[in-house]
Structure formats: C-alpha cells, structure tokens
Amino acid sequence: MSDETTSVAESARLLDRALAVTPGGVNSPVRAFRAVGGTPRFIREAKGPWLTDVDGLRYVDLIASWGPMILGHAHPKVMAAVQDAASRGFSFGTPSENEVALAEEIVARVEPVEQVRLVSSGTEATMSAVRLARGFTGRSKVVKFAGCYHGHVDALLAHAGSGVATFALPDSAGVPTSAAGETIVLPYNDVDALEKAFAEHGDEIACLITEASPGNMGVVPPAPGFTEALRRVTAAHGALLISDEVMTGFRCSRSGWYGLEGPYEGGAPDLFTFGKVMGGGFPAAAFGGRADVMGNLAPLGPVYQAGTLSGNPIATAAGLTTLRGCTPEVYERLDVVAHTIADAASAALSAEGVPHVVQWAGSMFSVFFVSEGSRPAQTGAVRDYDDARAQDIPAFSAFFHAMLDAGVHLPPSAYEAWFVGASHDDDAVSHVLEALPGAARAASENRARMTG
Ligand SMILES: *Cc1c(COP(=O)(O)O)cnc(C)c1O
C-alpha cells in the first residue's frame, strides 16, 4: 500500500482536513473504510457507471450511492428534470404537483400501498412507520430481526445475541435501554423463534418490521414461506407488519421485492417504507400502506409527523423522473449486468479456491466470503446474521483493495450488496471482469487461518 500514498495524495489530503472537522472524516460511518483499511476515495464527479476521484483516478461504480443511482450518474433526463425544477425555486413549504405525481407513481407500482407520505430519508420513513403502528395499535413493542438495518432509529438500533428471542441491549451508545427495551430482536428466517416471541408478548407488540428481503447483512432472501409466516403470526396477534423496502423498492423489480414475492396468501404487509431509488440521488423517501392506517396521521389523526423539506420540489422531480425511467428494459439490463458480474466473480473465486456464496434478491446480489468450516460454506446458504458474520474479513478486504486498485469501487464492507445500474455498459462490465481474477488471487493469499 506504499504506492497508494502517492496515487491517492489528494484524497489523503482531503481526509486529513476532514478528520479535523468531522468525526472520522466522514458523514456516514461505512464511507471511512474502517472495515477494509486504506484511504477512502473522495469523489469529484460521476457520470453513468464511472466515478472520478480528486486524484483523477476512475472507477466502475458498484456502490451506486448504496442503491439510488439505478439509472447511472448524472442521467440526462434526471439532470434536465432537476435543472428545470431548480430554475423554478428550491423549496416552497406548500403543497406542489410533483409530490402528488410521485405518490401516484408509488401507489401505481406497489399494489397494497393505497397512500403514502413523503419524507427525506429512509430513517425518517421507518421511524414514522413505527410511530404510526404504535399509535394505531396503542401498543409499544416492536419486533425486528438481527442483521436487518432500518436506519439509525433509536428503537431499531438493536440486534440480538444469538439464538432465542432477547430483549435487546442497545447496539449504540446514546440509545436509552428504555428505547431498545421495547424492541424484541429475533434471528431471521426462524419461524419457531417468531412464534415463540408472539406467544409470549403478542398483545404488547405494535408491529414487526423486516427488510422485505434483507440486504444490509449482505443479501439474505426470506426462505420460502417466511414472509407469509410473518403475515400470519402478526395478523393473529393484532400487530402490524411493516415491510422495509428502502433498499429493495423499485430495484428488485418495478414493484420492489413485493413484485417478486407477492401477493401473499394471508394478505399484504400493512405498511411499506421506501427510499434510495425513489429519490434518484436526492433526499426523498416515503412510508405508506393501508389507507385506514395512514388516516391516523396528522392532520387527519392523532399521530404527528412532519417535515420542512418533505416533498422537496427538486428531490421529487429527480425521484419521479428516475422511477419513470425504470422501464422493463432497465430491469432487464440490471439482470444481465448483475448476473454477468456475479458469475464471473464466483468463477474467479472458485478458480483460486476461495470459499464463497452468491445470494440473490431479484437483480440484487452479494458475495459472501464465508469461511471453510462455517455453516454457510457447508450448506451453500447464508440464512441469517450469524451465518453472515462467519465471513473471512481479511480475504474480503484484500479482494476489495485489489478491485479498487484495478479501478472498480465495491462497497467497502463484506456486509453489503453490490449495486449495479442500467448505465453499466459492456465497457464498464468488461473492466470489472478483467479486475476479478487478480482480486480473487489477492483474496486467496490473504485468507484468515480458520480454527475449527
Ligand atoms: C438505507 C436503508 C435505510 C435507511 O435509509 P437512509 O436514507 O440512509 O436513512 C433503512 N432501511 C433500509 C432497508 C435501508 O437499506
């Protein structure tokens, strides 16, 4: 990594400046490269599938801003919509037409969603959905799954020790035990644990929130029938089911994960949350669902929720144009690009004898660097957070840095999906394919020595 200090000198200089004025030098922790080491790249501009950093280095982007840039960076139509909106003012603090159009687009795509409210981040969406569920049911407890991320909401920043249902300890300092104490954390894909928790606490549980198909511990799709079990058990106990589609929404399919797996026997989730793709790279997110539940929000009902910049005219213009641009051809292209890259990654890792598992949710995928001797390496499937944590982090870090040095920017964490976009053309894809064998070799050379 000694030549890195010369080739990324400008990024290193900016990081030094940032460290003086911003904790860890970043405004969202994973950007700091703590999990993989090295210097995070400060990006100067992005176009289509390419990022250019402040040292002039170019990377094929497999982060896509963690999902939103599904059409590629600075897409001409989105750019035109943003410029047009900006020329007519930045924020009104009154209703405006694009808010209606964006809500209509979401309602048209996701069949069970009758009404939505727009907010500015996925965190706000899940926080508001949980508050609404508590207001609607008059109950306080929330059930979530270990390894599912729903933004940095106090009550949802908790995961369990392994195994059975636990009343969670906060996963972050600054979250009062009282907030996390209302949260029950369960292992994902475990119907027995689910039934047991509801048998014990069912009449205190306001809602169960789940990622529609988890992507924040890497891609861990629900086992067949698991989502339906969530619906059955929550309904039997009068709790709401919240499907967090902030990551999967409008990415896994035009209607998100629901479009792939729904409709469900026993009914749809009561509430959904959206973000990422629906903002097109701007701060726009939403929660929505059954009209009779949504009707409890202010100004109609007693559950308060508001936002100065909610439905911002520039963000809604970008989001609306992005969603309208997500045509069947776009989803076909995502599929082709994702499968080409995933197949090549898997082949390269196999050729170097690096144990791994590739998992899918529509065209969303991740590569788990599971270790030999861990359950996933033996069964070929990562089913929950404990499985995901059995990864060989040194092997992933070496792989990540070799890809970065070859001009491919993966998410700097082993627990993330690899995000592709429709602008990943054949040139960008072959650039990725060329980088893979060398990265697989680096992974092979840096495998952790496993004990047992
Ligand atoms: C990203 C994400 C969030 C949080 O969204 P922010 O806009 O970062 O606040 C919530 N839930 C899921 C499933 C996510 O992937």
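For clarity, every value in this text was computed on a predicted model and none was experimentally measured.

J.: How should the overall build of the protein be read in this particular structure?
T.: Counting its regular elements, the protein contains 16 helices and 14 strands. In terms of overall dimensions, the protein is globule-like: its C-alpha atoms have a radius of gyration of 22 Å, near the 22 Å expected for 452 residues. Across its three principal axes, the protein shows a C-alpha extent of roughly 60 × 60 × 45 Å. Within the protein, the proportion of its 452 residues that are buried is 54%. Placing the 32 positive and 50 negative side-chain charges of the protein at their respective mean positions leaves the two points 3 Å apart.

J.: I would appreciate a short explanation of the pairing of strand 9 (residues 240-244) in the present structure.
T.: One face of the sheet, then the other: side chains in a regular strand alternate in exactly this way. Within strand 9, five of the five residues are buried, which leaves it mostly tucked inside the rest of the structure. Side chains Leu240, Ile242 and Asp244 project from strand 9 onto one buried face, and the interleaved Leu241 and Ser243 project onto a second face that is buried too. Regarding topology, helix 8 (residues 226-236) serves as the crossover connection from strand 8 (residues 205-211) to the parallel strand 9, and that connection is right-handed. Bridge analysis of strand 9 against strand 10 (residues 271-274) gives three bridges, and the strand direction is parallel. Within the sheet, the bridge partner assigned to Ser243 lies in strand 10 and is Phe272. You can see the chain leave strand 9, run along helix 9 (residues 256-261) and come back into strand 10, and the turn it takes is right-handed.

J.: Please clarify how helix 3 (residues 76-87) should be interpreted in this entry.
T.: Between its first and last C-alpha, helix 3 extends 16 Å over twelve residues, near the 16 Å set by a 1.5 Å rise per residue. If you follow the buried residues of helix 3, they end up packed against helix 11 (313-325). Just past helix 3, the residue Gly89 takes up positive phi, approximately 115°.

J.: How do you make sense of the site of the ligand when you look at a structure like this?
T.: Around the ligand, the structure places Ser121, Gly122, Thr123, Tyr149, His150, Gly151, Glu211, Asn216, Asp244, Val246, Met247 and Lys276. Within the contact set of the ligand, an oxygen atom lies 3.0 Å away from a side-chain nitrogen or oxygen of Asn216. Contacts to the ligand include Lys276, whose side-chain N or O atom sits 2.6 Å from an oxygen atom. Burial of the ligand by the protein amounts to 82% of the accessible area it has alone, namely 380 Å². If you map the ligand onto the pockets, it falls in the largest pocket. Counted by class, the shell around the ligand contains three nonpolar, six polar and three charged residues.

J.: Looking at this structure, how should I read the nonpolar core?
T.: Here is a general trend for soluble globular proteins: nonpolar side chains tend to be buried in one another's company. Grouped together as the largest cluster of nonpolar side chains are 85 residues, with contacts concentrated most on Met278 and Phe399. When near neighbours in sequence (up to four residues on either side) are disregarded, Met278 contacts Leu102, Ile106, Leu118, Phe250, Ala284, Ala285, Ala286, Gly319 and Leu323. Val143, Tyr188, Phe368 and Tyr385 belong to the second-largest nonpolar core, a separate cluster that totals 32 residues.

J.: Could you clarify how one ought to interpret empty space enclosed by the protein in this entry?
T.: Remark: the empty space left among the atoms is shown by a probe the size of a water molecule rolled over them. Taken as a whole, this structure holds three cavities of 30 Å³ or more when the rule is applied. Taken as a whole, the second largest cavity holds about 50 Å³ of empty space. If you list the elements that add at least two residues to the lining of the second largest cavity, you get helix 8, strand 9 and helix 9.

J.: Please clarify how the environment of Gly353 should be interpreted in this entry.
T.: You can see Gly353 is positioned in the loop between helix 12 (328-351) and strand 12 (357-361). The class of Gly353 is partly exposed, set by a relative accessible area of 36%.

J.: Quick question: what am I supposed to make of the layout of surface pockets here?
T.: Approximately 1600 Å³ is the volume attributed to the largest pocket. Taken together, 44 residues form the lining of the largest pocket, with Ser28, Val30, Tyr149, Asn216 and Lys276 sitting closest to its centre. The residue makeup of the lining of the largest pocket, split by class, is 20 nonpolar, 16 polar and eight charged. The calculated volume of the second largest pocket comes to roughly 720 Å³. Lining of the second largest pocket is provided by 24 residues; of these, Arg31, Arg41, Phe42, Ile43 and Trp66 occupy positions nearest its centre. Of the residues forming the lining of the second largest pocket, the biggest block, four residues, is contributed by strand 1 (residues 43-47).

J.: Help me understand unusual backbone geometry, please; the structure alone is not making it clear to me.
T.: The general pattern is negative phi for most residues beyond glycine and trans for most peptide bonds. Each neighbour pair has its own omega, and for Gly262 with Pro263 the value is -10°, a cis peptide bond. Although it is not a glycine, Phe250 adopts a positive phi angle of roughly 65°. Tracing the backbone through its elements, the reader meets Phe250 in the loop between strand 9 and helix 9. Given the relative accessible area of 0%, Phe250 is considered buried.

J.: Sorry, what's going on with the environment of Ala318 here?
T.: Relative to the assigned elements, Ala318 resides in helix 11. In sequence terms Ala318 and Val277 are 41 residues apart; their C-alpha atoms lie 9.9 Å from each other. Beyond its immediate stretch of four places on either side in the chain, Ala318 contacts Val78, Val82, Gly279, Gly280 and Phe282.

J.: Where do I start with the side chain of Glu99 in this structure?
T.: Mapped onto the fold, Glu99 is located in helix 4 (residues 97-109). It turns out Glu99 is buried and unbridged, and the closest side chain with the opposite charge, Arg117, is 8.4 Å from it. Once you skip the residues sitting within four places of it in the chain, Glu99 turns out to touch Thr94, Leu118, Ser310, Gly311 and Thr316.

Thresholds applied
Counting restarts for each chain, with residues numbered from 1 along the sequence as it is written. The predicted origin of the model limits local features to residues at a pLDDT of at least 70 and limits the giving and counting of side-chain atom pairs to 80 or more, whereas totals for whole chains, interfaces and linings rest on all residues. In computing side-chain values, all of the structure's heavy atoms are included and hydrogens and water are not. The helix and strand labels rest on DSSP assignments: H or I over at least four residues marks a helix, E over at least two residues marks a strand, and numbering proceeds from the N terminus. With the radius of gyration taken over C-alpha atoms, the globule rule is written as 2.2 Å times the number of residues to the power 0.38. Three exposure classes are used, based on accessible area relative to the maximum for each residue type with a 1.4 Å probe and protein chains only: buried under 20%, partly exposed in between, and exposed over 50%. His is not counted, nor are the chain ends, whereas Lys and Arg count as positive and Asp and Glu as negative. Taken as the charge centre is NZ of Lys, CZ of Arg, CG of Asp or CD of Glu, depending on the residue. A crossover counts as right-handed when, viewed with the strands pointing away from the observer, the path leading from the first strand over the helix to the second turns clockwise. Two strands pair if DSSP finds at least two bridges between them. The length a helix should cover is 1.5 Å for every residue beyond the first. We call two residues contacting when some pair of their heavy atoms lies within 4.5 Å. Residues are labelled near a given molecule or strand when at least one of their non-hydrogen atoms is within 4 Å of it. Here a polar contact is recorded for every N or O atom pair within 3.5 Å, except that within protein the pair must consist of a potential hydrogen donor and a potential acceptor, and residues adjacent in sequence are included only if both atoms are side-chain atoms. Every accessible area reported is derived by Shrake-Rupley at a probe size of 1.4 Å, with residue values counting cover from the shown protein chains alone. Buried and open spaces are told apart on a 1 Å grid over the protein atoms alone, a cavity being a set of points where a 1.4 Å probe fits but cannot get out and a pocket being an open set with protein on both sides within 12 Å along at least five of seven lines. Residues with an atom within 4 Å of a point are the lining residues. Each molecule is checked against the cavity or pocket grid, and it sits inside if more than half of its atoms lie within 2 Å of the grid points. Only Asp, Glu, Lys and Arg are considered charged in this grouping, and only Ala, Val, Leu, Ile, Met, Phe, Trp, Tyr, Cys and Pro are considered nonpolar; every other residue, Gly among them, is considered polar. Here, nonpolar core refers to any group of buried Ala, Val, Leu, Ile, Met, Phe, Trp, Tyr and Cys residues whose side-chain atoms link them within 4.5 Å. Grid points are joined across faces, edges and corners, and a volume is the space filled by probe spheres set on the points. Between Lys or Arg on one side and Asp or Glu on the other, a salt bridge is scored when a side-chain nitrogen of the former is within 4 Å of a carboxyl oxygen of the latter.

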